[in-house]
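# Observations on the model geometry
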Amino acid sequence: MSTMINMVRSLAAVAALAIATPALAAGGNVEIDYQDWSFAGPFGSFDRAQLQRGFKVYRENCSACHGLSRVAFRNLAENGGPSFSEDQAKQIASEYTVVDGPDDYGDMYDRPAILADRFPSPFPNENAARAANNGAYPPDFSLLAKARAAQRGFPWFVFDIFTQYQENGPDYIYSLLTGYVDAPEGVVVPDGQYYNHSFLAGQFISMAPPLYDEAVEYTDGTPMTVENYAKDVASFMMWAAEPHLEERKKIGFRVMIFLIVFAGLLYFTKKSLWRNVDH
């Protein structure tokens, strides 16, 4: 009996410590700056203006190194996305060049992209990408908001089940993009790397700070700050990783309503059929 009591006390102590000291499963001193997202929660949706600004940040600031290979130009004009018009999407596509072919002579050739094409990679292959980035390989942006995320430790992941928190990917991307700071005293940053207190793989990252105030011009009056750039491009990357997020939430809500109604019908049917039967 005393052994059981001691085990219960130990588990209670561990739970209390976890509650008192929130930590990321990634460990270390990773700092995550949690943001309020329009697409958070069961009824959340993307902010169209924010997606368009995020695409502008990607195109003007990130596309030279990072691909978007799983996104087609037509997706920019589809429901649930940035809501560009079809003509706007065609114009954007025409400004890119893709490799096509072979032609009648068996040769590959370049042509302007069309809506059916996907965003071309900025490099012909991984070796070329590494050679242009001091050995580092810039990841593709298509699924990064779902693939790169700081996992929250106990008990926070339990709470996340009830709060439906699923924005750890955009939160991490935002934190990474705004996490470039001067290294603490006594910390030596290796040549060709930069100190970032939100990088999951360690404190040193090969990517130079990609964002600066007023680096990308906004035409809708949104302040042109690193924080806004980071939040906008993180939102755009979330859409790229899950373009049907809004439709998924709508379907989920309808299913829940159906299940509630169906459960009610089953209950009253059972009451009606068995009301005169002795139990």
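Source: prediction; values computed, not measured.

## Observations regarding the overall build of the chain
If you tally the helices and strands in the chain, you get 9 helices and 4 strands. Start at the N end of the chain and walk to the C end: the helices and strands fall as α-α-α-β-β-α-α-α-α-β-β-α-α. Taken over 279 residues, the chain has a buried fraction of 34%. Summarising the internal contacts of the chain: among those between residues at least 6 apart in sequence, 61% fall at separations of at least 24. On the chain, roughly 17,200 Å² of surface is accessible, and the fraction owed to carbon and sulfur atoms is 57%.

## Quick word on the side chain of Ser-63
Topologically, Ser-63 is positioned in the loop between helix H2 (48-62) and helix H3 (86-94). Its relative accessible area of 18% is what places Ser-63 among the buried residues. Discounting residues that sit within four places of it in the chain, Ser-63 has contacts with Tyr-58 and Pro-122.

## Description of the packing of aromatic side chains
With the rule as written, the count across this model stands at 19 aromatic pairs. Ring geometry for Phe-39 and Phe-46: centres 5.2 Å apart, planes at 45°, overall tilted. No difference in accessibility class separates Phe-39 from Phe-46, as the two residues are buried. Across the ring face of Tyr-34, the terminal group of Arg-152 is positioned such that the distance to the ring centre comes to 5.3 Å. A cation over a ring is seen here: Lys-231 above Trp-37, with NZ or CZ 5.5 Å from the ring centre.

## Digging into the pattern of salt bridges
Scanning all chains against the criterion turns up 14 salt bridges. One salt bridge in this structure joins Arg-53 and Asp-220, with 2.9 Å as the shortest N-O distance. Taken together, the positions of Arg-53 in helix H2 and Asp-220 in the loop between strand S4 (204-205) and helix H8 (226-241) put the pair 167 residues apart, joining distant regions of the chain. Between Asp-232 and Arg-53 there is a salt bridge, with its nearest N and O atoms 2.9 Å apart.

## Looking at the state of the cysteines
Per the stated rule, a full pass over the model turns up 0 disulfides. The structure places no disulfide on Cys-62, whose sulfur is separated from the nearest cysteine sulfur, that of Cys-65, by 8.8 Å. The exposure class assigned to Cys-62 is buried, which follows from its relative accessible area of 9%.

## With respect to the packing of helix H7 (residues 168-177) against H8
For the pair H7 and H8, interaxial distance at closest approach is 9 Å and the crossing angle is 145°. When the axes of H7 and H8 are compared, the crossing they make is right-handed. Mapping the contact onto sequence places Pro-170, Ile-173, Tyr-174 and Leu-177 in H7 and Val-226, Glu-227, Ala-230, Lys-231, Val-233, Ala-234, Met-237 and Met-238 in H8. Here the contact of H7 with H8 is composed, by residue class, of 10 nonpolar, no polar and 2 charged.

## Remarks on unusual backbone geometry
Look at the link from Gly-101 to Pro-102: it is a cis peptide, with omega at 5°. Secondary-structure assignment places Pro-102 in the loop between strand S1 (97-100) and strand S2 (109-112). Here Ser-83, not a glycine, exhibits a phi torsion of approximately 65°, which is positive. Looking at where Ser-83 falls in the secondary structure, it is placed in the loop between H2 and H3. At Gln-164, a position not held by glycine, the phi torsion is positive, near 60°.

Definitions and cut-offs
- Residues numbered from 1 in each chain as written.
- Predicted model: local features only at pLDDT ≥ 70, side-chain atom pairs only at ≥ 80, totals over all residues.
- Heavy atoms only, no water.
- Helix = DSSP H or I, 4+ residues; strand = E, 2+ residues; numbered from the N terminus.
- Buried < 20%, exposed > 50% of the residue type's maximum accessible area, 1.4 Å probe, protein only.
- Contact = heavy atoms within 4.5 Å.
- Areas by Shrake-Rupley, 256 points an atom, 1.4 Å probe, with all protein chains shown as cover.
- Phe/Tyr/Trp six-rings, centres within 6.5 Å; stacked < 30°, edge-to-face > 60°.
- Lys NZ or Arg CZ within 6 Å of the ring centre and 35° of its normal.
- Salt bridge = Lys/Arg side-chain N within 4 Å of Asp/Glu carboxyl O.
- Disulfide = S-S within 2.5 Å.
- Axes fitted to C-alpha atoms, helices over the stretch in contact; angles between N-to-C directions.
- Left-handed = near helix turned anticlockwise from the far one by under 90°.
- Nonpolar A, V, L, I, M, F, W, Y, C, P; charged D, E, K, R; others polar.

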